[in-house]
Amino acid sequence: MATKATRGNKRGRISAPSVRPEDEQIFKGLSFFYVPDNDIAPARRLRINRAKEFGASWTRDLMTATHVVVDKKLEYKDVEKMWPKDGFGGRTPPKVVTEDYPLDCIQFRAIVDASQRKYLVNGQPEVEEKEQEKEPELPTPAVDFGAQAKSKSKSKSAVSSLPLKPQHHNKGKWDYVPRKGTPSQNGDTGIQTHSPSKGSDKAGHTPLLQDELSEYISMMQEFKDLPLDVDEEEDAQSTANESDAQLDLDHRSGSENESQRARRSSRRARPTSKAIAFEDRFACNRAGKKDANQDNPNARTIEILQKMNGYYERINDHWRTIAYRKAISILKQQSVKITTEEEAYRLPSIGRRLAQKIEEIVTTDKLQRLECAEEDPTDHALQTFLKIYGVGNKIAEQWIAQGWRTLEDVKQHAKLTPSQRVGMEHYDDLNTRIPRMEVTALGDIVKKAAAEIDAAVQLIIGGSYRRGAESSHDIDLIVTKPGTESVAELRAFLSRLIDQLERDKFLVARLASSHAGGDGSKWHGCCNGEYRPIWRRIDFLLVPEAELGAALIYFTGNDIFNRSMRLLASKKRMRLNQRGLYRDVLRGPNRAKITEGELVESRDEKRIFEILGVKWREPWERWC
DNA sequence: AGGCCGTACTG
DNA sequence: CAGTAC
DNA sequence: GCCT
């Protein structure tokens, strides 16, 4: 602890409060008196600086304070004995709150009701509503989630009902996490969850896209325990919009309905197609990946957690990997820097242990556990081996157990499958990212060859390319053709295409191809790069037009996005795979007899989103 | 205590 | 069926 | 590691 603090101070990381933009100065005009009255403890120092960032002043004179922020470990009597004997001379006495209060305000970007029970200091008597009800210092007390500002009373109750249970933080978390943003921009039009780039976008940073993301993910979370049986049968097919509306986020606490409504309608009133095209092109640029990662105030935290995640992935700690992945995903959505354990802990998917790690990262700029991990000498070998195509952690572990540490060792001793041999021999090539331009060029080569065989066939480049990536690990080609209903109708074509491209010396290796006969639908292999003799990974996926929508989702990813979609589907008793969206009739007891389920939609990507109740996201908005 | 996506291909 | 890839 |  002490070490950590010292280090943090030395590096000056926590003592440089950056000032927030005007519209985030929620504490303007407020002054906080802290108990204990010092910033020695690093955690408190952080909190004080945070409050300053958001416009608060730190006072050490009780008489000028608007709020007294008390350490949670202290008792109310500790505060009481500081109270001036002659009162405050007619002036409104400061409100006494726990240290959670400023944090909540910051998190929700609004002055929340200070009289909530959760902000009571130990042993503090509950006070009558009246005194606390008003926030006299505040010019605009309803700086709040857009729509709620419409009706003060509603907004008030909504805000004060914020996180009722700090313990089981999830409920509270989920209700509000997605709600951050810059309410002032939206005025009473409600938070524009759908057309984010409207107007304000150009002017300044717009966390709204990120909001959509959190919203989506939070929605998944919420659906976990919901019955959702609201006549889905009928709705699903016939009235997508209706079900969309129903399934949207309004299953939460009643106090939020107002905002729900606004959000819904704003989404309904989505701009016409032309407007979309324009705005989305813009959104593409900033929602893509670059900005999302660079702008993120938690970039450093994410970076380190990602390394940690990578480590667990390597050592095959599957479930821990999942936990980290979720946490990282949540963190990426935050538009605010998460600096303290408590703050982190409020977030969904972040529990005690991760929260502690996050605080450690913020204060010390590193993570002990990671340094340990990276010192492990076998880890480097592990990393190397895992980048061989066809080698996963089982094999890699075996090799390491044999004492092998380098590719050279493997080359000499290991018995390789044909795929692994290719992976070995072209290790460097296959681990070199492919610039977007080259993906385009290679795609064109294939398209040209395809057109000569069957002009009706369409080729779509999927994967990260479709998400707008500047470079890709491989080239994913979706092969489809209007009017096709099954993979079988495309197999002959693919076979001819492959043959031709091999004759052309374009394709140079097969890694995994559907053998003759089977219901194979994929082909994995390598091709020559466009400009240099460098090998590239290329995949073909056969997709009948009837399943194009589902396949596009699957092959566009990213993987986290896909898993989320599927998880959501399963929570709604549906099933999503690369072939379509199905309603589950039943999941067999020993899973042997899974009833396929009835196909709901597969052709239309957008319809699948709609039926799932997920707002449409353009491919480049699918980076999680 | 038990789940954490769901599928295709290889050997 | 386990392992791997997507 | 997180969540129900």
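The structure reproduced in this document is the subject of the present report. This one's a predicted model, so the numbers in the text were calculated from it and none came from an experiment.

**Points about the side chain of Gln 334**
Point 1. In this structure, Gln 334 sits in the loop between α17 (318–333) and α18 (341–346).
Point 2. The class for Gln 334 is buried, based on a relative accessible area of 4%.

**Notes on the nonpolar core**
Point 1. Among the nonpolar cores identified, the biggest contains 28 residues, and Val 446, Ile 475, Leu 497, Leu 507, Ile 538 and Phe 540 are the most heavily contacted of them.
Point 2. Where this core is concerned, the elements lending two or more residues are α26 (436–453), β6 (458–461), β8 (475–480), α28 (488–503), β10 (522–528) and β11 (535–542).
Point 3. Setting aside its immediate chain neighbours within four residues, Phe 540 contacts Val 446, Leu 477, Val 479, Leu 494, Leu 497, Ile 498, Leu 501, Leu 507, Ser 521, Lys 522 and Trp 523.
Point 4. Core analysis: the next-biggest nonpolar cluster, separate from the first, contains 24 residues, Ile 302, Tyr 324, Ile 338 and Ile 350 among them.

**Considering the protein's contact with DNA strand C**
Point 1. Taken together, 13 residues lie near DNA strand C, and Gly 390, Gly 392, Ile 395, Arg 537 and Tyr 554 sit nearest.
Point 2. Restricting attention to atoms of DNA strand C within 4 Å of the protein, one finds that 92% of them are sugar or phosphate atoms.
Point 3. Within the contact set of DNA strand C, a phosphate oxygen lies 3.2 Å away from a backbone nitrogen or oxygen of Lys 394.
Point 4. Contact between DNA strand C and Tyr 554: a base oxygen at 2.5 Å from a side-chain N or O atom of the residue.
Point 5. Counting residues per element, the surface near DNA strand C draws most heavily on helix α22 (residues 393–401), which supplies 3 residues.
Point 6. Along the lines of polarity and charge, the residues of the surface near DNA strand C split into 5 nonpolar, 4 polar and 4 charged.

**What about the sheet that holds strand β1 (residues 31–35)?**
Strand pairs in the sheet, formed through backbone hydrogen bonds, run parallel or antiparallel to each other.
Point 1. Within the open sheet, the 4 strands sit side by side as β2-β1-β3-β4. Their pairing is parallel. Each end of this open sheet is capped by a strand with a single partner; those strands are β2 (57–59) and β4 (95–98). Between one strand axis and the next, the sheet turns through 35° on average, direction left out of account.
Point 2. Direction of pairing for β1 relative to β2: parallel, over a ladder of 3 bridges. Looking at the pairing, Phe 33 lines up with Thr 59 of β2.

**Section: the pattern of salt bridges**
Point 1. For the coordinates displayed, the defined rule picks out 28 salt bridges.
Point 2. In this structure, the salt-bridge partner of Asp 365 is Arg 300, at a minimum N-O distance of 2.9 Å. Here the residue Asp 365 occupies a position in the loop between α19 (352–364) and α20 (368–375), and Arg 300 occupies one in helix α16 (residues 299–314), the gap between them amounting to 65 residues.
Point 3. By relative accessible area, Asp 365 is classed as buried at 9%.
Point 4. Linking Glu 605 and Arg 466 is a salt bridge whose minimum nitrogen-to-oxygen distance equals 3.0 Å. Placement of the pair is Glu 605 in helix α31 (residues 605–612) and Arg 466 in helix α27 (residues 463–466), with a sequence separation of 139 residues. A single burial state applies to Glu 605 and to Arg 466, both of which are buried.
Point 5. Via salt bridges that share partners, Lys 72, Asp 100, Glu 341, Glu 342, Arg 346 and Arg 352 belong to a single interconnected network.

**Side note on the packing of aromatic side chains**
Point 1. Going through the model one piece at a time under the given rule, you end up with 13 aromatic pairs.
Point 2. Judged by centre distance (4.8 Å) and plane angle (65°), the rings of Phe 609 and Trp 616 are edge-to-face. Summarising the burial analysis for this pair, Phe 609 and Trp 616 share the class buried.
Point 3. In this structure an aromatic cluster arises from ring pairing among Phe 27, Phe 32, Tyr 34 and Trp 58.

**Quick look at the packing of α16 against α20**
Point 1. As a packed pair, α16 and α20 sit with axes 10 Å apart at the nearest point and diverge in direction by 45°. By the angle class used here, α16 and α20 are oblique. For the pair α16 and α20, the sense of crossing is left-handed. Each of Ile 304, Lys 307, Met 308, Tyr 311 and Tyr 312 in α16 lies in contact with α20, whose residues at this interface are Arg 369, Leu 370, Ala 373 and Glu 374.
Point 2. Each residue belonging to the contact of α16 with α20 can be placed in one class, and the counts come to 6 nonpolar, no polar and 3 charged.

**Considering the pairing of β11**
Point 1. Judged by how many residues are buried, β11 sits mostly within the fold: 8 of 8 residues are covered.
Point 2. Side chains Trp 535, Arg 537, Asp 539 and Leu 541 of β11 all project onto a buried face; the interleaved residues Arg 536, Ile 538, Phe 540 and Leu 542 project onto the opposite face, where all are buried too.
Point 3. With 5 bridges joining them, β8 and β11 adopt parallel strand pairing. By the bridge assignment, Val 479 is partnered in β11 with Leu 542.
Point 4. By the bridge criterion, 7 bridges tie β10 to β11 in an arrangement that is antiparallel. In the strand pairing of β11, Trp 523 is matched with Phe 540.

Parameters and conventions
- Residues numbered from 1 in each chain as written.
- Chains lettered and ligands numbered in written order.
- Predicted model: local features only at pLDDT ≥ 70, side-chain atom pairs only at ≥ 80, totals over all residues.
- Heavy atoms only, no water.
- Helix = DSSP H or I, 4+ residues; strand = E, 2+ residues; numbered from the N terminus.
- Buried < 20%, exposed > 50% of the residue type's maximum accessible area, 1.4 Å probe, protein only.
- Core = buried A, V, L, I, M, F, W, Y, C linked by side-chain atoms within 4.5 Å.
- Contact = heavy atoms within 4.5 Å.
- Near = heavy atom within 4 Å.
- Polar contact = N/O pair within 3.5 Å; in protein donor to acceptor, adjacent residues only side chain to side chain.
- Nonpolar A, V, L, I, M, F, W, Y, C, P; charged D, E, K, R; others polar.
- Pairing = 2+ DSSP bridges.
- Axes fitted to C-alpha atoms, helices over the stretch in contact; angles between N-to-C directions.
- Salt bridge = Lys/Arg side-chain N within 4 Å of Asp/Glu carboxyl O.
- Phe/Tyr/Trp six-rings, centres within 6.5 Å; stacked < 30°, edge-to-face > 60°.
- Parallel < 35°, antiparallel > 145°, perpendicular 65-115°, else oblique.
- Left-handed = near helix turned anticlockwise from the far one by under 90°.

So far we have only geometry, and geometry alone does not tell us how the molecule works.
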